[in-house]
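Coordinate inspection notes
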Amino acid sequence: MSTDDQELTQYFLTKRLMNAHQGGKWEFPGGKVEKDESVAQALARELKEEVNIDVLTCLPLTTIKHIYVEKNGEDKNVCLDVFIVDNFIGEPSAQEGQEEGLVFS
Ligand SMILES: Nc1nc2c([nH]c(=O)n2[C@H]2C[C@H](O)[C@@H](COP(=O)(O)OP(=O)(O)OP(=O)(O)O)O2)c(=O)[nH]1
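The structure presented is a predicted model; accordingly, all values stated were derived computationally and were not measured. (Residues numbered from 1 in each chain as written. Predicted model: local features only at pLDDT ≥ 70, side-chain atom pairs only at ≥ 80, totals over all residues. Heavy atoms only, no water.)

Quick look at the site of the ligand
Short version of the rule: We call a residue near a molecule or strand as soon as one heavy atom of that residue lies within 4 Å of the molecule or strand. We define a polar contact as two N or O atoms separated by no more than 3.5 Å, with the added condition that, inside protein, one atom must be a possible hydrogen donor and the other a possible acceptor, whereas residues neighbouring each other in sequence contribute only through side-chain atom pairs. All accessibility values rest on the Shrake-Rupley procedure with a 1.4 Å probe; residue burial counts only the protein chains present in the view.
Within the structure, the ligand sits among 13 residues, and Arg16, His21, Phe28, Lys32 and Tyr68 are positioned closest to it. Within the contact set of the ligand, an oxygen atom lies 2.9 Å away from a side-chain nitrogen or oxygen of Arg16. A distance of 2.7 Å is found between a nitrogen atom of the ligand and a backbone nitrogen or oxygen belonging to Phe28. Expressed as a share of its isolated accessible area of 640 Å², the protein-covered part of the ligand is 67%.

Encoded structure:
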């Protein structure tokens, strides 16, 4: 999620909870697409749940496929659909006890 502030763009990140997959790492807020849900619906639902904003518009940025090798030796395949949320209602704030931070570029 990003907001343009004069010349700077701010990116809102949260730290994954320690008990989650890849716990303790910084992430862009989001989560898994549920059954019978589009990617855009999942994005809006997760951003409401995790950082309490209402998505108005978003733009697809890229798709990343990655394989994590787990401690038990198994592979975990993830496919990340990355969106820029350029228009939203509310002030993002972490709702699930995650640490939060802004990155400027
Ligand atoms: N949200 C998010 N997930 C990421 C990023 N990078 C990355 O590798 N992932 C991985 C970690 C997880 O394996 C997966 C997202 O799943 P999640 O555990 O957040 O999904 P969820 O909130 O729906 O969780 P649950 O239903 O399993 O509790 O994508 C990122 O920047 N943001």
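Quick notes on the environment of Leu59
Spelled out, the test is: Under the DSSP-based scheme used, a helix requires at least four consecutive residues in state H or I and a strand at least two consecutive residues in state E, with every element numbered from the N terminus. Contact criterion: two residues are considered in contact whenever any of their non-hydrogen atoms come within 4.5 Å of each other.
Following the sequence through the fold, Leu59 ends up in strand β4 (residues 54–69). For the pair Leu59 and Asn19, spaced 40 residues apart in the sequence, the C-alpha separation amounts to 30 Å. Contact partners of Leu59, with chain neighbours within four places excluded, come to Val82, Phe83, Ile84 and Asp86.

Examining the confidence of the model for the protein chain
Spelled out, the test is: A residue's pLDDT is simply how confident the predictor is in it, with values from 0 to 100.
Taken as a whole, the protein chain shows an average pLDDT of 94; of its residues, 94% reach a score of 70 or greater. Across the interfaces of the predicted complex, the ipTM metric reaches 0.90, alongside a pTM of 0.90.

A short note on a nonpolar patch on the surface
Heads up, the rule is: Residues enter a patch when their relative accessible area is above 30% and they make no salt bridge; the linking distance is 9 Å between like charges and 5 Å between nonpolar side chains (Val, Leu, Ile, Met, Phe, Trp, Tyr). Should a side-chain nitrogen of Lys or Arg be within 4 Å of a carboxyl oxygen of Asp or Glu, the pair is scored as a salt bridge.
Together, Leu8, Leu102 and Phe104 make up an exposed nonpolar region whose accessible area comes to about 280 Å². Of note, Leu8 is situated in strand β2 (residues 8–15).

Some remarks on the pairing of β2
Consecutive side chains of a regular strand alternate in pointing toward one face of the sheet and then the other. Stated formally: Two strands are said to pair when DSSP picks up at least two bridges between them.
The sheet contact formed by β2 and strand β6 (residues 100–104) spans 5 bridges and is antiparallel. Bridging from a neighbouring strand, Phe12 pairs with Leu102 of β6. Here β2 pairs with strand β3 (residues 26–27) via 2 bridges, running antiparallel. What sits directly across from Lys15, in β3, is Trp26.

Brief notes about helix α1 (residues 39–51)
Under the convention used in this document: Here, expected helix span is obtained from the residue count minus one, scaled by 1.5 Å. Residue exposure (1.4 Å probe, protein chains only): buried if accessible area is under 20% of the type maximum, exposed if over 50%, otherwise partly exposed.
Compared with the 18 Å implied by 1.5 Å per residue over 13 residues, the 17 Å span of α1 between its first and last C-alpha is a close match. Those residues of α1 lying buried are Ala42, Leu43, Arg45, Glu46, Leu47, Glu50 and Val51.

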